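In case you want the letters, here they are:
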Amino acid sequence: MSTQAQEFGVDRIKSTIPHRTPILLVDRVGEVVPGEHLTAYKAVSGNEPCYAALPADAPASAYAYPNALVIESWAQAAVLLSVWEQPNPDVLAGKVELAGAINGVEISGRVHPGEVLEHRVRLVRAVDDTAILAGETLAGGRPVMSFQTFVVALRDVTELLPAGQSV
């Protein structure tokens, strides 16, 4: 499989995964080699919803982007890689993405408004409709987080509905 040289924006991302504002945390996909690796980006802005409750005189340290959102953003990049060739932006149809487990997360730095997260994701192994991924996140070229394993499972939406309920 060859590297796709073009970059992909929000339109391609939204046509691949079901995430939408305000929880869509990937702005752009750079290099992608389906079944191998992907690089995605998320610009952190001072207008993020997570900063809305901060007082006007909040210190700069209060603007550290929450680690949980860095993890969620990287996980969205991982899901993008796992479904790149079989997109499904509709959680009410087809196969939906389920996060199974995340292990070995190491935090090595903080991110602040004005920085761009660079998520690097590698496919470790794929078995049927389950993918194991790994990778890291950088900001300004410096490591801020690494991920030993992340499991994504695809399941038909009908398998997830309560007994007797249909879509």
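Everything below is about the structure printed above this text.
Residues numbered from 1 in each chain as written. Predicted model: local features only at pLDDT ≥ 70, side-chain atom pairs only at ≥ 80, totals over all residues. Heavy atoms only, no water.

Details of the environment of T39
Item 1. Considering the arrangement of structural elements, one finds T39 in strand 2 (residues 37–43).
Item 2. Here T39 is in contact with V29, G30, E31, E118, H119 and R120, once residues within four sequence places are set aside. (Helix = DSSP H or I, 4+ residues; strand = E, 2+ residues; numbered from the N terminus. Contact = heavy atoms within 4.5 Å.)

Some points on the packing of aromatic side chains
Item 1. Inspection of every chain in the model, using the stated rule, returns four aromatic pairs.
Item 2. Considering the side-chain rings of F8 and W84, the 5.1 Å spacing of their centres and the 70° angle between planes classify their relative orientation as edge-to-face. Here W84 lies in the loop between helix 2 (67–83) and strand 3 (95–107) and F8 lies in the segment before helix 1 (10–14), a separation of 76 residues in the sequence. As far as burial versus exposure is concerned, F8 and W84 are alike and both buried.
Item 3. Look at W74 and F150: their rings are 5.8 Å apart centre to centre, the planes differ by 75°, and that puts the pair in the edge-to-face class. In this pair, W74 is assigned in helix 2 and F150 in strand 6 (residues 142–156), connecting sequence segments 76 residues apart.
Item 4. The class of W74 is buried, set by a relative accessible area of 0%. (Phe/Tyr/Trp six-rings, centres within 6.5 Å; stacked < 30°, edge-to-face > 60°. Buried < 20%, exposed > 50% of the residue type's maximum accessible area, 1.4 Å probe, protein only.)

Digging into the sheet that holds strand 1 (residues 28–33)
Item 1. An order of 1-2-4-5-6-3 is seen for the six strands of this open sheet, with the pairing classed as antiparallel. The open sheet has two free edges, formed respectively by strand 1 and strand 3, since each of these has just one partner strand. Averaged over neighbouring strand pairs, the angle between their axes works out to 20° when direction is ignored.
Item 2. One ladder, built from eleven bridges, connects strand 3 with strand 6; its direction is antiparallel. What sits directly across from N103, in strand 6, is T149. (Pairing = 2+ DSSP bridges. Axes fitted to C-alpha atoms, helices over the stretch in contact; angles between N-to-C directions.)

Structural notes on the layout of surface pockets
Item 1. Volume-wise, the largest pocket comes out at about 220 Å³.
Item 2. Contributions of two or more residues to the lining of the largest pocket are made by helix 2, strand 4 (116–127), strand 5 (130–139) and strand 6.
Item 3. Per element, the largest residue contribution to the lining of the largest pocket is three residues, and it comes from helix 2. (1 Å grid on protein atoms, 1.4 Å probe; cavity = no way out; pocket = protein on both sides within 12 Å on 5 of 7 lines; lining within 4 Å. Points joined across faces, edges and corners; volume = space filled by probe spheres on them.)

Overview of the environment of E7
Item 1. Secondary-structure assignment places E7 in the segment before helix 1.
Item 2. For E7, a relative accessible area of 47% translates into the label partly exposed.
Item 3. Sequence separation between E7 and H37 is 30 residues; the distance between their C-alpha atoms is 14 Å.
Item 4. Other than its neighbours up to four places away in sequence, E7 contacts R28, V29 and G30.

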